[in-house]
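Residue-level structure breakdown
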Amino acid sequence: MATSFDPQSVLKLDGYLEPFIPAIVHRNERFRKWKDAIDQYEGGYENFTRGFDKMGFNVKESGEVVYREWAPNAVEAHLIGEFNEWHRLAHPLKKNEFGVWEITVPPKAPGVCAIPHDSKVKISMITPSGARIERIPAWIRRVTQDLTYSPAYEARFWNPPASEKYQFKNSRPPQPRTVRIYEAHVGISTAEHRVGTYKEFTKDMLPRIKALGYNTIQLMAIMEHPYYASFGYQVTSFFAASSRYGTPEELRELVDTAHGMGITVLLDVVHSHACKNVLDGLNAFDGTDHLYFHEGSKGRHELWDSRLFNYASHEVLRFLLSNLRFYMDEYQFDGFRFDGVTSMMYVHHGIGTGFSGGYHEYFGPGADEEAIVYLMLANDAIHALYPSAITIAEDVSGMPLLCIPVSQGGLGFDYRLSMAIPDMWIKLLKHKSDDEWDMGSIVHTLINRRYGEKSIAYAESHDQALVGDKTLAFWLMDKEMYTHMSDLTTMTPIIARGLALHKMIRLLVHSLGGEGYLNFEGNEFGHPEWLDFPREGNNNSFQHARRQWNIVDDQILRYRYLNNFDAAINHLEEEYQWLSAPQAYVSLKHEGDKTIVYERSGLLFIFNFHPTKSFTDYRVGVDEAGEYRTILTSDEKKFGGFENVSLDSKFTTTPMEWHGRKNWLQVYIPSRTCLVLGK
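Conventions we followed
- Residues numbered from 1 in each chain as written.
- Predicted model: local features only at pLDDT ≥ 70, side-chain atom pairs only at ≥ 80, totals over all residues.
- Heavy atoms only, no water.
- Pairing = 2+ DSSP bridges.
- Helix = DSSP H or I, 4+ residues; strand = E, 2+ residues; numbered from the N terminus.
- Phe/Tyr/Trp six-rings, centres within 6.5 Å; stacked < 30°, edge-to-face > 60°.
- Buried < 20%, exposed > 50% of the residue type's maximum accessible area, 1.4 Å probe, protein only.
- Domains from an automatic or database assignment.
- Core = buried A, V, L, I, M, F, W, Y, C linked by side-chain atoms within 4.5 Å.
- Contact = heavy atoms within 4.5 Å.
- Polar contact = N/O pair within 3.5 Å; in protein donor to acceptor, adjacent residues only side chain to side chain.
- UniProt positions renumbered as here; feature names shortened; annotations may be inferred.
- Axes fitted to C-alpha atoms, helices over the stretch in contact; angles between N-to-C directions.

1. Section: the sheet that holds strand S2 (residues 65-70)
The strand order S1-S2-S5-S4 describes an open sheet built from 4 strands, whose pairing is antiparallel. Where the open sheet ends on each side, the last strands, each with one partner, are strand S1 (56-59) and strand S4 (94-95). In the sheet, S1 pairs with S2 via 4 bridges, with the strands oriented antiparallel. Considered in S2, the bridge of Phe57 is made with Tyr67.

Laid out in structure tokens, this is it:
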């Protein structure tokens with residue numbers, strides 16, 4: 001039996017939740033019913049999450065192939081493929097009382113499969129109306145696309161010989177104390193005008209990410225998706241790693257090589273919805289509207305034009321929980337970033353809804369309890385099976401208890417993404433002049449997070465990089481990035497401001513905004529322009545579907561300054577571990593001076609956002625007495641600064657209260673510069 005939680009543990013975190021304890025108890029009871037059923041009828045999480053050992057294609061040592069598929073509406077089913085010359089009657093399946101079809105294909109010879117490795121397969125079914133439908137197997141592990149004749153994917157029987165199977169060499173790294181996440185997309189990780197590969201990412205990107213000081217990679221667009229421009233968020237084959245970038249074995253090598261470098265690897269998992277494709281997706285799989293999804297409007301997302309899972313279905317839970325286990329087991333991923341959690345948790349999917357922070361919005365009739373319970377089961381199962389796993393929720397609503405363990409009444413995520421932070425910077429850069437920036441409001445947005453729940457801070461999102469929006473660097477420097485990013489050109493006021501604020505914003509977010517930090521690839525050095533995948537509207541061009549590493553590696557271009565500063569921040573965090581330290585104490589938010597001062601993890605952070613004023617002998621409070629020195633400043637030459645701050649300066653505290661701190665010291669803080677002092 002799954003044990004119930006003590007409501008008092010919730011109230012200790014947040015007393016305002018008291019009126020909603022019945023709703024929290026109710027969803028916890030629904031979770032416990034599911035967990036008890038899984039324990040009683042399925043042998044617990046261990047067995048239930050290994051659906052891929054039973055469903056889909058499984059090869060025995062003898063060479064026989066067992067294929068199973070859930071399709072209760074079908075009245076006939078046949079396995080077809082290149083192995084039987086697509087003969088629609090040669091290999092019939094038998095159906096059990098649960099609607100699962102099964103066939104055993106005997107070996108061609110002892111130990112030799114009758115279905116050749118990497119050959120094409122399909123399931124052909126007859127519906128009660130007599131119509132024949134053909135589908136890609138739902139649990140298939142590899143699908144390929146040949147755009148020269150069709151955008152539809154084709155299923156492949158993936159069963160490489162032992163000599164070609166990748167053997168993992170490295171164990172998983174221990175869970176990092178602090179997560180510094182590099183969010184990456186394999187396909188765009190090349191400077192060339194084409195789709196990048198797993199092999200290239202392993203060879204070229206992993207060393208770059210390691211040198212930058214990131215200890216975690218979050219891989220986007222891995223689950224197979226037919227439309228490249230969907231950024232990976234319209235999935236058709238959930239167990240198939242995208243073949244655009246290479247083979248399953250090459251993805252295994254990527255993850256394993258990262259582990260050998262001490263890097264944790266997370267998968268951006270899409271369980272919030274599915275592509276509506278029928279021929280190569282899950283939609284109408286057995287001819288009905290409601291196999292994996294809710295029927296009617298409940299099963300459709302208006303904005304995304306996609307299908308919505310029925311999280312109250314036993315077999316759908318088997319499919320989704322096994323999907324998580326599959327990537328942990330088969331590819332050795334270390335955890336997940338769950339996409340679209342806001343859409344999942346509410347029946348309105350967040351469409352046309354602004355969240356005011358009122359608790360009735362989280363626990364009232366707008367909450368989708370079935371999806372919330374699925375997220376509880378997913379987190380509980382992952383952490384039970386892999387105690388060091390990391391799960392991150394993409395939620396804009398601010399749902400309380402999202403990152404509290406399920407055993408304590410929460411949804412069980414480890415971290416939530418602080419989605420308000422990038423929104424704030426865009427609003428400031430779009431609508432406010434520098435002298436209108438409100439220091440108090442900036443600090444409030446950065447520190448406004450739920451007590452006892454960990455957040456991942458980020459200065460800009462991957463969505464901002466897409467065509468139609470702008471990255472921070474592009475908002476700051478725009479067209480001058482084309483003409484004045486070389487050291488051989490004048491340092492114009494726009495470039496000087498852009499470089500300075502890009503550095504300051506990132507250090508401020510990194511050190512004040514959360515318990516983890518995330519960067520989307522290329523943004524660390526202010527990648528110019530935008531991201532635009534090949535499509536009809538741009539003549540299928542790869543011009544903007546790549547990352548121009550050549551410009552940051554060019555020792556004459558100013559992009560390298562931003563890259564250097566990003567690496568310096570990460571390496572300093574590795575040394576001082578501020579992300580795992582208690583939230584910072586902010587002693588100063590001065591609107592006139594445009595300064596922010598705070599302490600975290602034994603370091604003193606000082607920011608001067610004033611566009612024109614520098615301050616000599618600027619007095620700041622600090623709790624711990626002693627002699628301080630400059631550990632990092634954005635003003636260093638290697639960071640594109642003006643070298644107005646001496647790195648040799650020592651600062652001795654005076655034992656007198658200042659801004660609520662026991663001591664003070666005085667510093668020189670130039671305009672648009674940040675300092676980090678330490679002992």
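2. Focus on the packing of aromatic side chains
Under the definition given, this model contains 45 aromatic pairs. On the numbers, 4.7 Å between centres and 25 degrees between planes, the contact of Trp139 with Phe239 is stacked. Here Phe239 lies in strand S13 (residues 237-241) and Trp139 lies in the loop between strand S7 (132-135) and strand S8 (143-145), a separation of 100 residues in the sequence. Here Trp139 matches Phe239 in class, with each residue buried.

3. Some thoughts on the pairing of strand S14 (residues 264-269)
Side chains on a regular strand alternate between the two faces of the sheet. The buried fraction of S14 is high, at 6 of 6 residues. Burial along S14 is two-sided: the residues Thr264, Leu266 and Asp268 and Val265, Leu267 and Val269 are all buried. Bridge count for strand S11 (residues 216-220) against S14 is 4 bridges, and the pairing is parallel. Considered in S14, the bridge of Thr216 is made with Thr264. Bridge count for S14 against strand S17 (residues 335-338) is 3 bridges, and the pairing is parallel.

4. Some points on the domain arrangement of the protein
Note on interface size: it is often stated as the accessible area lost on association of the parts. Domain parsing of the protein yields domain 1 (59-157), domain 2 (276-308) and domain 3 (582-678). Distance from the C-alpha centre of domain 1 to the C-alpha centre of domain 3: 66 Å.

5. Some thoughts on the nonpolar core
In terms of nonpolar packing, the biggest core is built from 187 residues, with Leu219, Tyr292, Phe338, Tyr374 and Trp425 touching the most fellow members. No other element matches the 10 residues that helix H9 (residues 369-385) contributes to this core. If sequence neighbours within four positions are ignored, Tyr292 has contacts with Trp70, Ala138, Trp139, Leu282, Phe309, Asn310, Val316 and Phe319. Membership of the second largest hydrophobic core comes to 16 residues, among which are Val620, Val622, Tyr628 and Val667.

6. Things to note about the environment of Thr483
Assignment of secondary structure puts Thr483 in the loop between helix H12 (472-477) and helix H13 (493-512). Under the relative-accessibility criterion, Thr483 is labelled partly exposed at 46%. Side chain to side chain, Thr483 and His484 meet in a polar contact 2.7 Å long.

7. Focus: the UniProt feature "domain: Glycosyl hydrolase family 13 catalytic" (unreviewed entry) in the protein
When the UniProt feature table is mapped to this numbering, "domain: Glycosyl hydrolase family 13 catalytic" (unreviewed entry) covers residues 168-566. A distance of 31 Å separates the end C-alpha atoms of residues 168-566, which is 33% helix and 12% strand.

8. Re the side chain of Asn84
With respect to the helices, strands and loops of the structure, Asn84 is situated in the loop between strand S3 (76-81) and S4. Accessibility expressed as a relative area gives 9% for Asn84, which makes it buried. At 3.1 Å, the side chain of Asn84 forms a polar contact with the backbone nitrogen of Trp86. In this structure Asn84 touches Leu79, Ala90 and His91, once residues within four positions along its chain are discounted.

9. Description of the sheet that holds strand S22 (residues 585-590)
Strand pairing in a sheet is mediated by backbone hydrogen bonds. Such pairs are either parallel or antiparallel. On the basis of which strands lie adjacent, the open sheet formed by 6 strands has the order S22-S23-S24-S29-S26-S27 and antiparallel pairing. Of all the strands in the sheet, the pair left with one neighbour each is S22 and strand S27 (650-652). Adjacent strand axes in the sheet meet at a mean angle of 25 degrees, parallel and antiparallel pairs treated alike. Examined bridge by bridge, strand S24 (residues 603-608) and strand S29 (residues 673-678) share 5 bridges and lie antiparallel to one another. Paired with Phe607 across the two strands is Cys674, which belongs to S29. On top of the sheet, helix H11 (residues 439-447) reaches S22 and strand S23 (595-600); it is set at about 155 degrees to S22, its chief contact. Here helix H15 (residues 559-576) sits on the sheet and contacts S24, strand S26 (627-633) and S29; the angle it forms with S26, its principal contact strand, is near 140 degrees.

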